[in-house]
Amino acid sequence: MPSEATVIIRVLIGTALGFVLGFERGVRGSAAGDRTFSLVGASAAAVTALFYRSSPQAVAGVVTGIGFIGGGVVLHGQGTLIRGVTTAATVFATAAAGILVGAGRPLAAVVLVLLLLMILEIRFMPGLRILDSQHYRGRFQQDDQPPPT
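All values reported here derive from a predicted model rather than from experimental measurement.

Participant: Summarise the overall build of the protein; cite the residues concerned and give the values.
Facilitator: Looking only at helices and strands, the protein has 5 helices and 2 strands in total. Summarising its shape, the C-alpha atoms of the protein cover approximately 65 × 35 × 25 Å along the three principal directions. Within the protein, buried positions represent 32% of all 149 residues. By element, 66% of the accessible surface of the protein is carried by carbon and sulfur atoms, the whole surface being about 9,400 Å². Of the charged side chains in the protein, 11 are positive and 7 negative, and the gap between their average positions amounts to 4 Å.

Below you can see the structure in the form of structure tokens.
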């Protein structure tokens, strides 16, 4: 069992990493922002720090709980429009970062969060916009369109 100081440090790191991702989502107009993501990062880190060796099922419970939060973030609009999938996936990834921190792998969690930020912001990054699929959308036929005759 890690010391109390170790758990506190891990929770603080999980909170900070969650805040970073939540800030990005908040800036982009997501329903979930820095507070939600901070809570996910902190709680995933805390549960993992305390139980990942003695009770891996507790960590599995975190993943299950995150599924409920992610489901709540996805908003169904008119017709087939679904919104919030990226935010729900980011909530899941934030929990993964918190789990990494709680398991004593903060560097891996920081790398994960940096990678996630790059993925979330790629369409706004000069030089990397070319990697965003939206850049090419007009050049391809959509799946729901009939094939050309």
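Structure shown, so let's carry the discussion forward.
Participant: Could you give an account of a nonpolar patch on the surface, naming the residues involved and the relevant values?
Facilitator: Taken together, the side chains of Leu-107, Val-110, Val-111 and Leu-114 make up a nonpolar region of the molecular surface, amounting to roughly 380 Å² of accessible area. Structurally, Leu-107 is set in helix α5 (residues 106-121).

Participant: Give me the lowdown on α5, citing residues and values where you can.
Facilitator: Between its terminal C-alpha atoms α5 stretches 22 Å, which fits the 22 Å expected from 16 residues at 1.5 Å a residue. Turning to α5, its buried residues number three or more, namely Ala-109, Val-113, Leu-116, Leu-117, Leu-120 and Glu-121. One side of α5 holds all its buried residues, which, seen down the axis, span an arc of 115°. Across from the buried face of α5, at angles greater than 90 degrees, the exposed residues are Leu-107, Val-111, Leu-114 and Ile-119. Contacts made by the buried residues of α5 are with α1 (4-27) and α4 (85-102).

Participant: Residue-level account of the side chain of Thr-94, with values.
Facilitator: Structurally, Thr-94 can be placed in helix α4. For Thr-94, the residues in contact, after removing those within four places along its chain, are Gly-18, Leu-21, Phe-37, Val-40 and Gly-41.

Participant: Could you give me a rundown of the packing of aromatic side chains, with the residues and numbers involved?
Facilitator: This model, assessed by the stated rule, comprises 1 aromatic pair. The ring centre of Phe-124 lies 3.6 Å from the NZ or CZ of Arg-28, which sits over that ring.

Participant: Give a detailed account of helix α2 (residues 34-51), specifying residues and quantitative values.
Facilitator: An α-helix turns once every 3.6 residues. As a result, residues three or four positions apart point the same way. Helix length check: α2, at 18 residues, gives a terminal C-alpha distance of 26 Å against a target of 26 Å (1.5 Å per residue), a fit within 8%. Residues of α2 that are buried make contact with α1, α3 (56-73) and α4.

Participant: Describe in detail the side chain of Glu-24, supporting the description with residues and values.
Facilitator: Summarising the element assignment, Glu-24 is placed in helix α1. Among all residues touching Glu-24, those that are not within four sequence positions of it are Leu-117, Leu-120 and Glu-121.

Participant: Go over the packing of α1 against α4, please, and point to the residues and values.
Facilitator: Between α1 and α4, the shortest axis-to-axis distance is 9 Å and the interhelical angle comes to 160°. Taken as axis vectors, α1 and α4 run roughly antiparallel relative to one another. For the pair α1 and α4, the crossing hand works out as right-handed. Residues Arg-10, Ile-13, Gly-14, Leu-17, Gly-18, Leu-21 and Arg-25 of α1 form the contact with α4, whose own contacting residues are Thr-86, Thr-87, Thr-90, Thr-94, Val-101 and Gly-102. Counted by class, the contact of α1 with α4 contains 4 nonpolar, 7 polar and 2 charged residues.

Reading guide: rules and limits
Residues numbered from 1 in each chain as written. Predicted model: local features only at pLDDT ≥ 70, side-chain atom pairs only at ≥ 80, totals over all residues. Heavy atoms only, no water. Helix = DSSP H or I, 4+ residues; strand = E, 2+ residues; numbered from the N terminus. Buried < 20%, exposed > 50% of the residue type's maximum accessible area, 1.4 Å probe, protein only. Areas by Shrake-Rupley, 256 points an atom, 1.4 Å probe, with all protein chains shown as cover. Lys, Arg positive; Asp, Glu negative; His and termini not counted. Charge placed at Lys NZ, Arg CZ, Asp CG, Glu CD. Patch = residues over 30% accessible without salt bridge, like charges linked within 9 Å, V, L, I, M, F, W, Y side chains within 5 Å. Salt bridge = Lys/Arg side-chain N within 4 Å of Asp/Glu carboxyl O. Expected span 1.5 Å × (residues − 1). Arc of directions from axis to C-beta. Contact = heavy atoms within 4.5 Å. Phe/Tyr/Trp six-rings, centres within 6.5 Å; stacked < 30°, edge-to-face > 60°. Lys NZ or Arg CZ within 6 Å of the ring centre and 35° of its normal. Axes fitted to C-alpha atoms, helices over the stretch in contact; angles between N-to-C directions. Parallel < 35°, antiparallel > 145°, perpendicular 65-115°, else oblique. Left-handed = near helix turned anticlockwise from the far one by under 90°. Nonpolar A, V, L, I, M, F, W, Y, C, P; charged D, E, K, R; others polar.

By themselves these figures say nothing about function.
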